[in-house]
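# Descriptive structure summary
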Amino acid sequence: MSALFTCSHPTRVILIRHARSTFNQMGRYQGSSDEAVLTEAGLEAARKTGREIASLGIDAIYTSRLTRVRQTTAEMLTEIAAVRHALPELIEDDRLREIDLHAWQGLTYTEVRQRYATDYRCWVERPHEFQVLAQPEPSGSAIATLAPSNSADSTFARRPVLDLYARVERFWPDLLARHAGKTVAIVSHSGTIRAAIGTALGIPPARFHLLQQSNCGISQLAFAPNSSIAQLETLNLTEHLGETLPKTKEGKQGVRLLLVAAKTVDDAQAIALSRRWRDIDLDFCLSEAGAAAWTAHRVLADRPATTRYFYDSADRPDWDRTLDRQRDLAAKSGRFLTGAIVASEAYVRDRLSRYFGSSASVWQPHPGAFSVLHHPHADRLPSIQALNIPTY
């Protein structure tokens, strides 16, 4: 992105995925189709989300034109109107529609895995290489078939993830130029929000699936003055929906990690963190020595049975070997394990930057907050479920 704006204050962008839809309920791919509408539970979640953001001083709301997003936005606005005299400016932008998945749209997840097994594996493991063939019919409508990876005819070849990234990247300069120094919300779709965060942080399309976005999950970016590169302040917060932690996208398998940057945690925050984790079963904890070890002992004071590992900050290979053993244990036993990592801010930033292929500077652990990673498979990178979940 090119910097086309000038301002002395940061621009904050709040990103919200639409509420649960009928296609979500049925386990169907939605893509850029417009057949799905919100469920009753989705309508209520949208209202809860509106109440959550009503006091944030939002100047404008950008949305997709698809029905499920329009409904989410309408429900949110009813709650915002209850506390504000003037509603934010509402702007629909087709660049914020969901990823175009062509032939998969409307099919169930099971149907796609069975009918397009090879292509589905490419979609999951190499999303930046996934492609389809979109061929126009005489009627003017379009059908799509999956393109072979060695297809010589590129006339109608599309790479949906790369197309989505390019579309969102064209959107950012317009928003930043028009709303420099303001607070803006985007209500959109899972794929679109992941691409928006990816382009703003420099996360490559190959990591597209590693950023989780739950229905009505709230994320926030901060663009420094005159910069097109953001910091991710929060990701996928869902506590306002009554969730202790975001639901795992790939089910209860593998290892879930709770990350705490210990240097930023004082005694009151450690107590709050312990209370916040009260209903979470912790199987193990990895911690650095010094301030991190103090924080880990304080947080785990009421958990004498939790297995604990303490390492010097330089012992990165030992950390990795311990994590590998936990992932192997989860895979062999079929158990879903949850562990805590209490480390320096530098370690947390380094770990996130290595997983997601970005600069370490775009990740900013908040004081007293924690983040969540999920390793569902030992041979794949983890996804980040949430960043900077507050404890009080």
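On to helix H7 (residues 190-201), then. Here H7 spans 16 Å end to end across 12 residues, near enough to the 16 Å set by a 1.5 Å rise per residue. Burial analysis of H7 places 12 of its 12 residues in the buried class, the great majority of the element. Just beyond H7, the residue with positive phi is glycine 202, at close to 80°.

Let us look at the packing of aromatic side chains. To describe a pair of aromatic rings, you give the distance between the ring centres and the angle between the ring planes. Across all of its chains, the model carries 16 aromatic pairs by this definition. Pairing tryptophan 104 with tyrosine 120 gives two aromatic rings, centres 6.5 Å apart and planes at 40°, and the pair type is tilted. Of this pair, tryptophan 104 sits in the loop between strand E3 (89-92) and helix H4 (109-115) while tyrosine 120 is found in helix H5 (residues 117-125), placing the two residues 16 residues apart along the sequence. Judged by relative accessible area, tryptophan 104 falls into the buried class, the value being 0%. By relative accessible area, tyrosine 120 is classed as partly exposed at 21%. On the basis of an interplanar angle of 65° and a centroid distance of 6.5 Å, the ring pair of tyrosine 165 and phenylalanine 208 is categorised as edge-to-face. Linking tyrosine 165 in helix H6 (residues 160-178) with phenylalanine 208 in the loop between H7 and strand E8 (218-223), this pair joins segments that are 43 residues apart in sequence. By the burial criterion, tyrosine 165 is buried, and phenylalanine 208 matches it. Following the ring pairs from residue to residue traces out a cluster consisting of Tyr29, Trp104, Tyr109, Tyr116, Tyr120, Trp123, Phe130, Tyr165 and Phe208. Its end group placed over the ring of phenylalanine 208, arginine 194 keeps NZ or CZ at 4.2 Å from the ring centre.

Tallied over the full model, the rule gives 24 salt bridges. Two residues, arginine 95 and aspartate 93, come together in a salt bridge whose shortest N-O distance is 2.8 Å. We classify arginine 95 as partly exposed; its relative accessible area is 21%. A salt bridge links aspartate 283 to arginine 335; the nearest nitrogen and oxygen atoms lie 3.0 Å apart. With a gap of 52 residues between them, aspartate 283 in the loop between helix H8 (267-276) and strand E11 (284-288) and arginine 335 in the loop between helix H10 (316-333) and strand E13 (337-343) connect regions that are remote in the sequence. Since its relative accessible area comes to 23%, aspartate 283 is described here as partly exposed. Put simply, Glu44, Arg47, Arg51, Glu75 and Glu79 are held in one network by salt bridges that share partners.

Looking at the secondary structure, you find glutamine 253 in the loop between strand E9 (230-237) and strand E10 (255-261). The partly exposed category is assigned to glutamine 253, whose relative accessible area is 31%. Along the primary structure glutamine 253 and alanine 330 are separated by 77 residues, whereas in three dimensions their C-alpha atoms are 7.5 Å apart. With residues up to four places along the chain from it excluded, the contact list for glutamine 253 reads Phe336, His374, His375, Pro376 and His377. A distance of 2.7 Å separates the side chain of glutamine 253 from the backbone oxygen of glutamate 250, its partner in a polar contact.

Geometry of a packed helix pair, given as the angle between the helix axes and the separation of the axes. Two elements in contact, helix H2 (residues 40-53) and helix H3 (residues 67-81), have axes separated by 7 Å at closest approach and are oriented at 45°. What the angle tells us is that H2 and H3 run oblique. Handedness of the H2/H3 crossing: right-handed. Residue-level inspection shows Leu43, Ala46, Arg47, Thr49, Gly50, Arg51 and Ile53 of H2 in contact with H3, the latter providing Thr72, Glu75, Met76, Glu79 and Ile80. Of the residues contributing to the contact of H2 with H3, the split by class is 5 nonpolar, 3 polar and 4 charged.

Rules used throughout
- Residues numbered from 1 in each chain as written.
- Predicted model: local features only at pLDDT ≥ 70, side-chain atom pairs only at ≥ 80, totals over all residues.
- Heavy atoms only, no water.
- Helix = DSSP H or I, 4+ residues; strand = E, 2+ residues; numbered from the N terminus.
- Expected span 1.5 Å × (residues − 1).
- Buried < 20%, exposed > 50% of the residue type's maximum accessible area, 1.4 Å probe, protein only.
- Phe/Tyr/Trp six-rings, centres within 6.5 Å; stacked < 30°, edge-to-face > 60°.
- Lys NZ or Arg CZ within 6 Å of the ring centre and 35° of its normal.
- Salt bridge = Lys/Arg side-chain N within 4 Å of Asp/Glu carboxyl O.
- Contact = heavy atoms within 4.5 Å.
- Polar contact = N/O pair within 3.5 Å; in protein donor to acceptor, adjacent residues only side chain to side chain.
- Axes fitted to C-alpha atoms, helices over the stretch in contact; angles between N-to-C directions.
- Parallel < 35°, antiparallel > 145°, perpendicular 65-115°, else oblique.
- Left-handed = near helix turned anticlockwise from the far one by under 90°.
- Nonpolar A, V, L, I, M, F, W, Y, C, P; charged D, E, K, R; others polar.

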